[in-house]
Amino acid sequence: MAAAGEEVLMKVALKIWRYDSATGDRALKEYEIEAPEWATLLDCLDIVKDKHDGSLAYRKSCRMMICGSCGMRMDGAAVLACKTRMYEIAQSGHVPVVSAMGNLPIRKDLVVDMDPFWAKFNAMKPWLQPGYERPEDGREYRISQERMNVIHKEALCINCGCCVSECNAMESDPEFLGPQALAKGMRFVGDPRDGATIERLEQYNSEHGIWDCTRCFFCNERCPKGVDPRDAIAKLGAESVAQGIDRDMGAKHAKWFVKSAETTGWLRETELVPKTQGVVEALKQTKFALNLAKHGKVPPPFPPHVARDVNEARNLRKLVREQDRQGALGHVQGEHALAKLDHGHAGESLEEIYDRPGAAPRPWLPEIKEEPSA
Amino acid sequence: MARVIAKHDVLVVGAGCAGMRAAIEAFDAGADVAMISKIHPTRSHSGAAEGGINAALGNASEDSPEIHAYDTVKGSDYLGDQDGIEILCDEAPADVYQLENWGAVFSRTEDGRIAQRPFGAAGAPRTAYAADITGHVLVQVLWEQVCKRDIPTYEEYFAWQLVENDGRCQGVVCWDLMDGGLKTIGAKTVILATGGAGRLYTGTTNAYACTGDGMAMALRAGLPLKDMEMMQFHPTTLAPTGVLITEGCRGEGAYLLNKDGERFLKRYAPNTMELASRDVISRAEQMEIDAGRGVDGNVLLDLRHLGAERIIERLPGSRELSMTFLGVDPIYDPIPVRPGAHYHMGGVATDVWGQTELTGLYAAGECACVSVHGANRLGGNALMETITFGKRSGAHAAEWALSHTTVEVPDSVERDAERELNALLDRKDGERPWAIRDELASTMHENFGVFRREHQMEEQGTIVAGLQQRYERALVEDKGEVFNSDLTGTIELGFLLDLAECMVVAGIERRESRGAHARPDDYPVRDDENFMKHTMVHWVDGAPKLSWEPVRMTKWQPQERKY
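Values in this document were obtained by computation on a predicted structure and should not be read as measured data.

With respect to the overall build of chain B
Right, on to step 1. Each helix and strand counted, chain B has 15 helices and 20 strands in total.
Right, on to step 2. Against the compact-globule benchmark of 24 Å for 563 residues, chain B has a radius of gyration of 22 Å, which places it among compact chains.
Right, on to step 3. In terms of overall dimensions, chain B has a C-alpha envelope of 65 × 50 × 50 Å along the principal axes.
Right, on to step 4. Here chain B holds 563 residues, and the buried ones make up 67% of them.
Right, on to step 5. Across chain B, the fraction of contacts at a sequence separation of at least 24, relative to all contacts at a separation of at least 6, is 76%.

Following this line, the structure appears as structure tokens:
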């Protein structure tokens, strides 16, 4: 690959799902273009629009991964077009298919209607609700960096919609608040300046809330900024339980998992249903349960037994308690996001870094002999 | 036929930091306020500001608004209007505390206060920051406050023309991007907050949206643009497209090296080194590159000695950008950087309340020129300006609107706009606009860049005139109604061409070197006797016409500027 700046051109082929909501026309069109080797998917779309078809529609603005305009799908996975370099794809001969994001109505080509997305954002009451003491000196709230780090990842969110596009839970329940709105919710629940934690948690624990998440982790996987929305949802769950907001089946389910694991070291599924859904609901499902048992899908509850390594589970639980990792604060921030950036950094010393083969020259200061000019 | 779809007391055009801050202030003053934006507010380019926002909070060391003001005056190469600068620096601390109280996720000091880092040409560590995503954090908090107030936004409305009637600005004619069609919105006052025009250049830190719409609309409405020759080149942008690497890198201690590893700034700014002002460093870099001491047209931004931990904690965004676009991990290798067009000090001339010459029309943020930046803006002062002057123009516009009652948009305005639009859309053959756009950007870079030479500027004038002629035949290929960005992109190009003409005229006539305007061959030094004044460009009979206006001074006399 040539150094950036040299205009060495490469051939890039793309297939783009075109769509016109005015006519309902839909077609997969292929384009072959010449692009600089440094081109991103966004650069390639620009070339298609300039030189091949001026009617191609997509959003763009900053082209530096911060405005969140250019969320779309490439080969079925949500990406930011401006972050997606095309060199390797073009060299491999692969012809990627570009389409609009999922879970949102398409208006034209790669442009989706973001209104449903913002409606969920707004449902979170996404503003700080002062409830504790306001700073008396008229200055800033005093908060440690450590405390601020709790919402570091959530604050990175650029509202691009990639997580929503990929959300499996939202596909089956379009009302589900979804990963980006809930990450925004965590941004406030985790902020010591916010005084509406309980109201917020109550809301997120209601129907279409945090417990509807299927934990498929696609949002974490596809978020271009390392926000890790699924982690935010987990933190909201932990904080809900820590605050005693646990009436939702999901919360009861999670609590029973822990209880079951720390008492007998295995998941007692026959008890899981009544503990989660209540005895009456559980009885209604007796026939279903017997069918499962008949096909060997549930281990028999009798005779009761305790897993051989139960102490491992108990010690783990003890450790979590000791470290006070029961609510949102207990979740260590940043590992996932930073790991994505950590391309093999191994803690070398500066000398080692300076001495690497092919390293840039060491910095040095010139001696000044004459009067400097600016 | 365009029609007036709504009327408001205050209509804000553009919804970045300045626009949102103006709308919030107008709302809180009791006005019926709405915003128009061609992109969703959180997509605004304010969000790409990385390093921070300047206010004399004194959290890192002793500081005062007065020192901040002096640094700003000196940084402006004495072209800044000192009344505006004093207001900015006096009001900055309270404005920053308010942002924090609203929930801005600032980085913190050991004792839990807002953290501040050193920035170029600043006498104290004054730049409050949120890692290296400060703009993003401020855009988010302002959008949150807009949501809280439920301020209506005409989202993906492209503002095209100002409505002038009865000697007042009374609304805006827009193209509705999502659904198509011209829509006119009436208003007692209009605040332009449309940002800069970096798309005039090939290598720019600016977003695709930064096409100087507000400046050009004001120009066409007969208003003067001030100091348009003053385009700042940021010293650390990535080849080839100009993606920004924050000044915060140097604030955290990064070096600038030439190909031999020499910290060459010792020869240009021996006292402040990498923390000299941006114009000084951009020129130094360009001289190193021109003298053959660059690396493929770049110099090297060396962060290696900062160590992995500090880079990951304080500068994660810069690392991500460098790794994504260049494949360079700054923990191991210096980042190749070069000067790139970054910020327009010039813009729509306003007073310290954002008022323009046209009653009812205001401007704030980068599209305005108070001028608090003069010939060279200090890093961290742009975000501060958007907040303080956004607030002030919102307050003034609301007060004016609440004491006046009528809004009238004459039918002729809508008819004219419709006719103009149809002429553009009905054109069956012509030239696709991209070649004109690319040629404008590359020639501006070549002929109106870090260094300016008379013959190049003259040549650029001829080139732009030629491009204007070609633009008369620009062909919009998309004739559809839904998300027709082909149409809006073509209109944007028209805006840029007008602005380029203004810049060239002002640049040729400023026969001195001051701040961002450097003429090494013919006028290498500042000439306070003849040029301590602002260029003002009006659009008269289809061409730019230059006049001058004095700098407003309060207490600082011009001195020799050394870093």
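Focus on the overall build of chain A
Right, on to step 1. The helix and strand tally for chain A stands at 18 helices and seven strands.
Right, on to step 2. Taking 21 Å as the expected radius of gyration for a compact globule of 374 residues, we find that chain A reaches 26 Å, considerably beyond that expectation.
Right, on to step 3. With the principal axes as the frame, chain A shows a C-alpha extent of 80 × 65 × 50 Å.
Right, on to step 4. Restricting the contact set of chain A to residue pairs at least 6 apart, pairs at least 24 apart contribute 68%.

Quick look at the sheet that holds strand E5 (residues 127–128) of chain B
Right, on to step 1. Spatially, the three strands line up as an open sheet ordered E3-E5-E4 (chain B), and their pairing is antiparallel. Two strands lie at the open edges of the sheet, namely strand E3 (53–54) and strand E4 (116–117) of chain B, each paired on one side alone.

Looking at unusual backbone geometry
Right, on to step 1. A cis amide bond links Ala239(B) to the next residue, Pro240(B), at an omega of -5°.
Right, on to step 2. Of note, Pro240(B) is situated in the loop between strand E11 (231–238) and strand E12 (243–244).
Right, on to step 3. In this structure, the amide linkage connecting Val370(B) to the following residue, Ser371(B), adopts the cis form with an omega of 5°.
Right, on to step 4. With respect to the helices and strands, Ser371(B) occurs in the loop between strand E18 (368–369) and helix H10 (381–402).
Right, on to step 5. With phi around 55°, Asp228(A) is a residue other than glycine that occupies positive phi space.
Right, on to step 6. With 28 C-beta atoms counted inside 10 Å, the residue Asp228(A) sits in the buried group.
Right, on to step 7. For Asp541(B), which is not a glycine, the phi torsion comes out positive at approximately 50°.
Right, on to step 8. Inspection of the secondary structure assignment puts Asp541(B) in the loop between strand E19 (533–540) and strand E20 (543–550).

Observations regarding the interface of chain B and chain A
Right, on to step 1. Contacts between the two partners involve 78 residues from chain B, matched on the other side by 61 residues from chain A.
Right, on to step 2. If you list the elements that add at least two residues to the side of chain B that touches chain A, you get helix H3 (82–102), helix H4 (134–149), E12, strand E13 (255–257), strand E14 (299–302), helix H8 (308–314), helix H9 (316–326) and helix H14 (485–509) of chain B.
Right, on to step 3. The biggest single contributor to the side of chain B that touches chain A is H9(B), with seven residues.
Right, on to step 4. Its residues placed into classes, the side of chain B that touches chain A shows 36 nonpolar, 17 polar and 25 charged.

Overview of the pairing of strand E1 (residues 3–13) of chain B
Right, on to step 1. Pairing between E1(B) and strand E9 (residues 182–192) of chain B: nine bridges, direction parallel. Each bridged residue has a counterpart across the sheet, and for His8(B) the counterpart in E9(B) is Ala187(B).

So, the pairing of E11(B)
Residue and element names in this part refer to chain B.
Right, on to step 1. Along E11, eight of the eight residues are buried, which leaves the element largely enclosed by surrounding structure.
Right, on to step 2. Bridge count for E11 against strand E15 (residues 335–344) is five bridges, and the pairing is antiparallel. Paired with Thr237 across the bridge in E15 is Arg338.
Right, on to step 3. The pairing of E11 with E12 spans two bridges and is antiparallel. In the strand pairing of E12, Thr237 is matched with Leu244.
Right, on to step 4. Hairpin connection between E11 and E12: a loop of four residues separates the two successive antiparallel strands, and Gly242 in this loop has a positive phi of roughly 95°.

Here we look at the domain arrangement of chain A
Residue and element names in this part refer to chain A.
Right, on to step 1. Its domain assignment divides chain A into domain 1 (9–112) and domain 2 (115–134 + 144–265 + 306–335).
Right, on to step 2. Computed from C-alpha atoms alone, the centre-to-centre distance between domain 1 and domain 2 is 33 Å.
Right, on to step 3. In this assembly, 15 residues from domain 1 lie in contact with 15 residues from domain 2.
Right, on to step 4. Of all the elements in the fold, those that place two or more residues in the side of domain 1 that touches domain 2 are strand E3 (71–74) and strand E4 (77–80).
Right, on to step 5. With four residues, the top contributor of residues to the side of domain 1 that touches domain 2 is E4.
Right, on to step 6. Grouping the amino acids of the side of domain 1 that touches domain 2 by side-chain chemistry returns nine nonpolar, four polar and two charged.

Some thoughts on the sheet that holds E20(B)
Residues and elements named next belong to chain B.
Right, on to step 1. Read from one edge of the open sheet, five strands run E18-E16-E10-E19-E20, paired in mixed fashion. The open sheet has two free edges, formed respectively by E18 and E20, since each of these has just one partner strand.
Right, on to step 2. Of the pairings in the sheet, the one linking E19 to E20 comprises eight bridges and is antiparallel in character. Among the inter-strand pairings, Met536 is bridged to a residue of E20, identified as Ser547.
Right, on to step 3. Along the sheet, H14 contacts strand E10 (225–226), E19 and E20; its crossing angle with E20, the most-contacted strand, is approximately 50°.

Let's talk about the packing of helix H12 (residues 433–447) of chain B against helix H13 (residues 454–471) of chain B
All names here are of chain B.
Right, on to step 1. Between H12 and H13, whose axes approach to 10 Å, the crossing angle comes to 170°. Viewed along their axes, H12 and H13 adopt a mutual orientation that is roughly antiparallel. Contacts from Ile436, Glu439, Leu440, Thr443, Met444 and Asn447 in H12 reach Gln456, Met457, Glu459, Gln460, Ile463, Leu467, Arg470 and Tyr471 in H13.
Right, on to step 2. A per-class count over the contact of H12 with H13 returns seven nonpolar, four polar and three charged.

As for H4(B)
Residue and element names in this part refer to chain B.
Right, on to step 1. Relative to the 22 Å expected for 16 residues at 1.5 Å per residue, H4 spans 23 Å between its end C-alpha atoms, a close match to the ideal helical length.
Right, on to step 2. When you tally the buried positions in H4, you get 13 out of 16 residues, the bulk of the element.
Right, on to step 3. Backbone geometry just after H4 places Asp150 at a positive phi near 55°.

Some points on the environment of Ala18(B)
Right, on to step 1. Here Ala18(B) lies in helix H1 (residues 17–28).
Right, on to step 2. Spatially, the C-alpha atom of Ala18(B) lies 8.6 Å from that of Ser46(B), the residues being 28 residues apart in sequence.

A look at the domain arrangement of chain B
All names here are of chain B.
Right, on to step 1. One can read the domain layout of chain B as domain 1 (235–341) and domain 2 (411–519).
Right, on to step 2. Between the C-alpha centres of domain 1 and domain 2 the distance comes to 32 Å.
Right, on to step 3. Counting residues at the interface gives five residues for domain 1 and five residues for domain 2.
Right, on to step 4. Take the side of domain 1 that touches domain 2: its biggest share by element is four residues, from helix H7 (residues 278–290).

Concerning the packing of helix H2 (residues 65–75) of chain B against H3(B)
All names here are of chain B.
Right, on to step 1. Here H2 crosses H3 at 140°, and the two axes come no closer than 9 Å. By the angle between their axes, H2 is oblique relative to H3. Of the two possible hands of crossing, H2 and H3 adopt the one that is right-handed. In contact with Pro65, His68, Ala69, Thr72 and Val73 of H2, H3 contributes Gln82, Ile85, Glu86, Cys89, Asp90 and Ala92.
Right, on to step 2. Looking at side-chain class alone, the contact of H2 with H3 contains six nonpolar, three polar and two charged residues.

Brief notes about the environment of Pro224(B)
Residues and elements named next belong to chain B.
Right, on to step 1. Mapped onto the secondary structure, Pro224 falls in the loop between helix H5 (213–220) and E10.
Right, on to step 2. A residue is classified by how many C-beta atoms lie within 10 Å of it, and Pro224, with 23 of them, is buried.
Right, on to step 3. Expressed as a C-alpha distance, the spacing of Pro224 and Ala55, which sit 169 residues apart in the sequence, is 30 Å.
Right, on to step 4. Excluding its chain neighbours within four sequence positions, the residues that come into contact with Pro224 are Ala349, Glu357, Met536, Val537 and His538.

Calculation rules
Every chain's residues receive numbers from 1 upward, in the order its sequence appears when written. Going through the entries in the order they are written, you letter the chains from A and number the ligands from 1. Since the coordinates come from a predicted model, pLDDT governs what is reported: local features require at least 70, and pairs of side-chain atoms require 80 or more to be given and counted, while whole-chain, interface and lining totals use all residues. Comment: elements are numbered from the N terminus, with helices defined as DSSP H or I runs of at least four residues and strands as E runs of at least two. Each radius of gyration is computed over the set of C-alpha atoms, and the globule rule expresses the reference value as 2.2 Å times the number of residues to the power 0.38. Counts of 20 or more other C-beta atoms within 10 Å of a residue's own C-beta define buried residues, counts of 12 or fewer define exposed ones, and intermediate counts define partly exposed ones; C-beta atoms are placed from the backbone. Once C-beta atoms have been placed from the backbone, residue pairs whose C-beta atoms lie within 7 Å are recorded as contacts. Being paired, for any two strands, means DSSP has found at least two bridges between them. Residues are grouped as follows: Ala, Val, Leu, Ile, Met, Phe, Trp, Tyr, Cys and Pro are nonpolar; Asp, Glu, Lys and Arg are charged; every other residue, Gly included, is polar. Annotation comment: domain bounds sourced from an automatic or database domain assignment. Angles run from 0 to 180 degrees between N-to-C directions of axes, and those axes are lines fitted to C-alpha atoms, restricted for helices to the stretch in contact. What sets the label is the angle itself: under 35 degrees gives roughly parallel, over 145 gives roughly antiparallel, 65 to 115 gives roughly perpendicular, and the rest give oblique. What a helix is expected to span follows from its residue count: subtract one and scale by 1.5 Å. Two helices crossing with the near one rotated counterclockwise from the far one by less than a right angle form a left-handed crossing, whereas a clockwise rotation gives a right-handed crossing.

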